[in-house]
Amino acid sequence: MDSALIPEGAKRCSLPKFSIGMAIVGAVLLWGVWAMFLCWFKGLNQTNMNDYYGFALWIWADLAVIAVGGGAFFTGMLRYIFNIKELKNIINFAVIIGFICYSSALLILAIDIGQPLRGWFIFWHANIHSMLTEVAFCLSCYFAVLTIEFIPNILENRQANKVPFFHHLAHNMHGIMVIFAATGAFLSFFHQGSLGGVAGVMYGRPFAVREGLLIWPWTFFLFTWSAAAYGPSFTLLVTKMTEVITGKKLVKDNVVHLLAKISGWMIVTYIIAKIIDTIYWAYVTAPSLGFKLSHFYTDNSFYGYWILITEIVICGIVPGAILVIKSTRENPTLRLVAIILGTIGVCLNRWVMVLQIMAVPVMPFDTWALYIPSWQEVATTVLPVAYGIMLIALAYRYLPVFPQEKELNSVKPITESE
Amino acid sequence: MTQDNHNNAYKFGMVIDLDKCTGCGSCMVSCMSENNVPFKEDESNKRDSITWMRVYKLTNGKSFPDTEIAYLPRPCQHCGGEGDHGHSPCVSVCPATATDYGYDTGIVSQIYTRCFGCRYCMGACPYHARYFNWWDPKWPEGMEKYLSPDVSPRMRGIVEKCSFCYHRYQAARDKAYYHGDKDHIKEEDYQTACTTACPSNAITFGDLNNPAHKVHQIVKPDPHPDPRNHHVVGKSRNPKVFRLLERLGTNPKVYYLSEREWVRKQGDHYLEGEWDKIKNHHGTTSHG
Amino acid sequence: MFPFSFEWVWDIGHMIFFGGLWYAVGILSAGMIYVILKAAWDTMSESINNSGESH
Amino acid sequence: MQSATRKKQATKVIVSSVTSKNQKHETLNFNGELYMKVDRRSFLGLGLGAVAGVAVSPVGLKLTDDSSIWTQNWPWTPVPVDGRVNYEKSVCSLCPGSCGISVRKIDNRPVKIEGLSDYPVNDGGACLHGIAGLQYLYDPARVKTPLKKNGDKFEKISWNDAIALIAEKLKGIRTEGTPEKLACITDKDQGSVSGLFRRLLETFGSSEFYTMPSLESYLELTASTFHGKGNTIAFDLENANFVLSFGAGIIEGWGSPVACFKANASRKERHAKLYQIEPRLSNTAANADKWIPVNPGTEADLALGLCAVILKNNLFDGSATINFMGGFNKFNAMLKRDYSLSKTAKITGIKASEIEKTAKMFAKAKKPVAVFGKGRGDGAQSLKELAAVHMLNCLVGNINKKGGVFVKPVSQYLNFPSQSMDRVADAGFGKNKTGSTVNQLFEKIDKSAQPLIEALFVYNANPGYNLHDSKRVKKTLDKIPFKVSFSSLLDETAMLCDIILPNHTFMERIEDVPSGAGFAKTVVGLSKPIIKPLLNTKHPGDSVILIAKALGGNVAKSFEWANYDQCLESVTSNIWSPLSKRGFVVISKGVPAYRPLVNVSFLAQNPATINAKGDYALTLIPIDNMRLINTGTASSPFAVKTVSDTVIKGKDIVVEINPLTAIGLKDKGFATLTTPLGKARVKININEGMMPGVIGMVRGLGHTFDNKYVSNIGVNINDLIGQVIEPGSGLDAAFGIKAKLVAA
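Here the residue index of a chain counts from 1 through its sequence in written order. Chain letters and ligand numbers both follow the written order, the letters beginning at A and the numbers at 1. The predicted origin of the model limits local features to residues at a pLDDT of at least 70 and limits the giving and counting of side-chain atom pairs to 80 or more, whereas totals for whole chains, interfaces and linings rest on all residues. For side-chain calculations, the full set of non-hydrogen atoms in the structure is used, while hydrogens and water are omitted.

**With respect to the overall build of chain D**
Okay, so step 1: Strands are runs of DSSP state E lasting at least 2 residues, helices are runs of H or I lasting at least 4, and numbering of each runs from the N terminus. Within chain D one finds 27 helices and 28 strands.
Okay, so step 2: Only protein chains enter the accessibility calculation, which uses a 1.4 Å probe; a residue is then buried when its area is under 20% of its type maximum, exposed when over 50%, and partly exposed in between. Sorting the 744 residues of chain D into buried and exposed places 61% on the buried side.
Okay, so step 3: The criterion used for residue contact is that any of the two residues' heavy atoms lie within 4.5 Å. Contacts in chain D between residues at least 24 apart in sequence constitute 73% of all its contacts with a sequence separation of at least 6.
Okay, so step 4: The method behind every accessible area is Shrake-Rupley, applied with a 1.4 Å probe, and residues are considered shielded solely by the protein chains displayed. Element-wise, carbon and sulfur atoms account for 54% of the exposed surface of chain D, whose accessible area totals about 28,900 Å².
Okay, so step 5: Neither His nor the chain ends contribute to the count of charged residues, in which Lys and Arg are positive and Asp and Glu negative. Charge positions are represented by NZ for Lys, CZ for Arg, CG for Asp and CD for Glu. Each charge class in chain D can be summarised by its mean position, and for the 91 positive and 66 negative side chains these summaries are 5 Å apart.

**Re empty space enclosed by the protein**
A water-sized probe rolled over the atoms picks out the places where empty space is left.
Okay, so step 1: Whether a set of points on the 1 Å grid over the protein atoms alone is a cavity depends on a 1.4 Å probe fitting there but being unable to get out, while an open set qualifies as a pocket with protein on both sides within 12 Å along at least five of seven lines; lining residues are those with an atom within 4 Å of a point. Grid points are joined across faces, edges and corners, and a volume is the space filled by probe spheres set on the points. Enumeration over the complete set of coordinates arrives at 19 cavities of 30 Å³ or more.
Okay, so step 2: Forming the boundary of the second largest cavity are 15 residues, of which B:Glu41, B:Asp42, B:Glu43, D:Val640 and D:Ile713 lie nearest the centre.
Okay, so step 3: Counting residues per element, the lining of the second largest cavity draws most heavily on helix α27 (residues 637-642) of chain D, which supplies 3 residues.
Okay, so step 4: Only Asp, Glu, Lys and Arg are considered charged, only Ala, Val, Leu, Ile, Met, Phe, Trp, Tyr, Cys and Pro nonpolar, and every remaining residue, Gly among them, polar. Along the lines of polarity and charge, the residues of the lining of the second largest cavity split into 6 nonpolar, 2 polar and 7 charged.

**Quick notes on the sheet that holds strand β18 (residues 511-514) of chain D**
Residue and element names in this part refer to chain D.
Okay, so step 1: Only strands joined by at least two bridges in the DSSP assignment are considered to pair. Strands sit in the order β18-β19-β20 across an open sheet of 3 strands; the sheet is antiparallel. Looking at the sheet topology across the chains shown, the edges are occupied by β18 and β20 (584-588). Strand-to-strand, the axes of this sheet are offset by a mean angle of 25 degrees, without reference to chain direction.
Okay, so step 2: Examined bridge by bridge, β18 and strand β19 (residues 522-527) share 4 bridges and lie antiparallel to one another. Bridge pairing links Pro 514 to Val 524 in β19. A fitted line through C-alpha atoms represents every axis, and for helices the fit uses only the stretch in contact; the resulting angles, taken between N-to-C directions, go from 0 to 180 degrees.

**Some points on the interface of chain D and chain B**
Okay, so step 1: On the side of chain B, 68 residues touch chain D, which itself brings 65 residues to the contact.
Okay, so step 2: Computed with a 1.4 Å rolling probe, the buried area is the accessible surface lost when two parts are put together, summed over both parts. Summing both partners gives a buried area of about 5,300 Å² for chain D against chain B, and 58% of it is carried by carbon and sulfur.
Okay, so step 3: Of all residues in chain D, D:Lys268, D:Phe638 and D:Lys641 bury the most surface against chain B, accounting for 14% of the area lost on that side.
Okay, so step 4: Each reported salt bridge corresponds to a side-chain nitrogen of Lys or Arg within 4 Å of a carboxyl oxygen of Asp or Glu. If you look at where chain D meets chain B, you find 7 salt bridges.

**Some words on the packing of aromatic side chains**
Okay, so step 1: Within 6.5 Å between ring centres, the rings of Phe, Tyr and Trp (the latter by its six-membered ring) count as paired, and their orientation is classed by plane angle as stacked under 30 degrees, edge-to-face over 60, tilted in between. Counted by the stated rule, this structure contains 75 aromatic pairs over all chains.
Okay, so step 2: With a centroid separation of 6.0 Å and an interplanar angle of 15 degrees, the aromatic rings of A:Phe37 and A:Phe41 are classed as stacked. Of the two residues, A:Phe37 and A:Phe41 both sit in helix α1 (residues 15-42), 4 residues apart, roughly one turn of that helix.
Okay, so step 3: Looking at A:Phe41, the relative accessible area reads 60%, which means it is exposed.
Okay, so step 4: Where B:Phe39 meets D:Phe638, the ring centres are 5.8 Å apart and the plane angle is 80 degrees; that geometry is what we call edge-to-face. A residue pair is termed interchain when its members come from two chains, as with B:Phe39 in the loop between α1 (26-34) and β2 (54-59) and D:Phe638 in helix α27.
Okay, so step 5: The structure contains a cluster of three or more aromatic residues connected by ring pairs, namely A:Phe186, A:Phe189, A:Phe190, A:Trp216, A:Trp218, A:Phe220 and A:Phe221.
Okay, so step 6: Residue placement shows A:Arg12 over the ring face of A:Tyr396; its charged tip is 3.8 Å from the ring centre.
Okay, so step 7: Two conditions define a charge sitting above a ring: the NZ of Lys or the CZ of Arg must be within 6 Å of the ring centre, and it must be within 35 degrees of the ring normal. We note D:Arg681 situated over the ring of D:Phe670; from NZ or CZ to the ring centre the distance is 3.7 Å.

Put into structure tokens, the structure is as follows:
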């Protein structure tokens, strides 16, 4: 029924089957939307956040999706600025993932703030000293970039592309995409960094605070770096998942290997920097404020040293090593393990930099603050996942996302339109 | 943006004598009543209970019968920030300039109508002095009649905190202006609601920059940065006076006084052996 | 956000921060306006050419 | 060819739809199939165009701006009305402290209560309950109009009907010739309103006038035991340099709270010492120079043990003992026999050396004072304990000396005109009182088969909540056929009454408020109506006058004032002029000049020490917490808000126990507390500041009336402790009760 919209030569499942799948995910989405409206109309008392736990589960989700969405800016930078040709075969998908992540992040921010209707004050009354202002500006601008990057792909839909204006628009946008990508890379560098800065500048919180360069604490650079490192891993992970679900090979191995290799080297370099940062923080920064490392990891029922080891060793050094070494990288199983660990690693890092910061007591007579999220928080955190699945499904079904799909899945190769 | 926080301006501050404080709660209620702080059915979760002034209970950690208790009232500390330049932990992070540092008073303000509730300031404040309005403030039918017009009730979804009763400062300033000496507010004309209510006179409030004021005389603030940590300014030269988490460099304007060493030690974190070295160091020797 | 709002200060921080912002916004909007106009122009010229051919 | 045309036309439409409406009409000329497709695209184009159009127009900005302005002025967030600021002076009568207050008003609307500077009691300070006083005024749970009970429900009734009904009932009792069957319970017997109630009873023909247990009543009882009737005791805490407190919560609301806070705070400058004797590390104990944990209920024994040390070492004031009478030698012999150091140490759980040291320090101190009245001083006490502690003062000779104990006559600043008594009144009034205390009254009513009391007035008192074994008290109240409550709130006792006559709150009425509760000076303050009565309430004095007038005869003749205002002015005529002008009068200050006799006969016979009831292993004792009121009313919402989560958590009460006692119990866990009287579900707070073997539970919770902010939280400890009447004094001396705790 919708065959006219499906990319030429591509095979897709039947519309009823597709609709059923969408309905299931849609139900989850509606659950999240319901929770979202509860938070908007009844206020943030719908959450289990409190005055000690001002940032909670969904802010972690926010930072995590931005981190894993970092694949878009980094791949885009490599594709358009460093002109690594192979990556054009995955760039569309990377952009879509980025678009999903960033739109989700903005949505979460809109739910998270106590006065959503005044959210624009962050622009209007901007305090340039605040890392959050930087985040808001760069995030919104970069979301615009992602939209711009996504538009040509949408316009390449079979029907849309028949409209000459759309056809030309897509073509022209591709023509100057390097400019957009460069702006995007610049913006993304700053907002990824300023998200790291959000934690690092909190000099009242010895668990978070870091020294740094000029106005930027080390977490600024670590966040950018980790997003660039783990983002591509996540892109590969989602690609792999899409391939498994669709039962088709969508991206050629050489492209996957290249991106995995880049991700691997980025992870290795990042994790070295992270280890240095951790050691310096544990042995210099925190003790200078009177804190022992054990203060941050003991005397509570959840945050132990395990979290530090998991983040740095199991989800840092291990995936880094797997992806750097050619033989393990090209082993599909090990590579899958690595990109899964990598994704967990960066999410765990964001968890630590948001939730553990809130949990650690600062005043000597204060106690650990642990909290359990309410269902509304869980639902609104799941919401972006459902939304992402739906958008990927729609994009995959109706847009020529994977240029190599036809070649990999048909007898006679068809040349690219571009 | 960096302005002088040391001269030609007021620097309002407080010193609380923890040996006199009995934990009676007068300051808390006086504050709530003065500043139109709402209440709700269950206030026993202290992590969502708005108390600009909160009284913490400290114990020496010893077992019966050697246990000791002290109470520590904690208003907003009105931090001067690292180096006392006005970049308080909360002010520097607020994205919408909804909280600001008054260079003329040293008071950290909160603009309720501008705050959009991102709560970054709450995360940045190590003293938990900032409170979020998780609920719409609601007064039982008729009780809104006791609300004071000096302080606007806050709406749901924003952050609020102690303002050092800023409206009392404004009233005192108006009075000084009326009497023709607008630059000199009298000590007794500007006192916070908690200070005047305290039945033990444990709280002393005034201008830390003014040697004639009692706070200055008790605290004897060191005008020079701490040679051990240049972020720290205004350290007390009174060996019995300390500030909360002084080593972080937040430079609070709320000082605490106690004869008891174990109480003073709870003001900050110390590595093993550090306290014995630090406890007798009280600012530089020069005078300012 | 704008130099006419009362919080604005002409200091180096504001100039760098907002300079960067407006620069990025400027590039993006200029780029988009350019591609839209060019696409419109291309469409028009193509359609004129096409009309010419069909007649 | 066909498709190329379609494409071309479609494009044209898309481009033109934004620019020209006329061109859109052209599309209508196409055939059906074509028309459908083109229209869908034109619709899309139109939509995009509209969005773009709205986006560049100022509409969006305007709406965004308006919506944020709306959030800044939400109609459901109140906006306080502004007006002219003015301050009015008055006196707080929420507790016996009687502090001067300054009320800030905006036009006629009170918005803030603060302590009144230069007032001789509190000099500017204020306690949290006084500051929160406006919450009582505006409490939606207040009784808004007179109520009459009909079955289980209350009905509104007019003032006229209510007074007529009461008069009719009382006349009935009088006609029967049993006027002594009218009883009255008030909070205190000082002041003109209590005076009016007592006058009503007397002229009616009843001596059944009772006050609730209070520090004031204990002070008077102790004074009359030692120094003769009509006296009372005060402590000069602001000048004493060694305060030996037997559990008196000097900073927990004992006595006149703010005055005590001030005296305590000045200790630091005066280098005065405070030793606190009690089983729990209370705030007073924590603030003291030394905390001496004592086995609960053995304070009297400790005091006598200390007396024994003082006597043995000849550390007493020889000149003071000249005034002793009633068997000083007998007393001395008794101490030698029963209170040797080792025996005392064994009973009290305090080391012998510590007892000896403390006794010597006390005796050698320049201005020592021993203070009694556990907690807030209004809980259960035995006369033995009051007397034993006071004996220390007598021994060191600090009576009527600066920094010591002031023994002075109960202040008689009121001059009621002589009352008119008829035959019935004389006969009834001449009869013996049923009980010497309110506790005894209830015990006798409970045990009697005949109705001892036919009618009861309850004013400013809540026996159904405040007395031990409150469930039994409530049942006993049910046995009284006709009860009238004079109350602002529908409290536990009022709910059992037949008629409720609602009072003005202290913010709405004029009244003389005498200081007391052990305060060294005697000050009478004038409480003034800060605001016109908000509800259909009356001054309790006016209620009494109306009832008296309705009764007619000699009673009405004794109440010939037009209203309470006139009555107050006439009965305070001696001091009215300064009282009404300054707002207060200092009746006496400084050290009383005379040396009273000291009668030690009560102690000489060594009355028995009261033990806790039951045979469980642990002892439950009440805790007085400054932030909770434990008089009849519940604390204000503000006060409850300040209470720690180690006292109230959710709707649960938290009890304190020592970790050594907490076997099988978890901190913050639930447990069932069992006493011989009943069970309660409690939360556990493991606290090193509690003596092992003792459970501490706060007083002032567990109210059962309807107020979601302050009521139905936790349990009322009085439901769990049964009264133990001390023979002789008639006092309820149950300091606690045996109990057990099992994890729930």
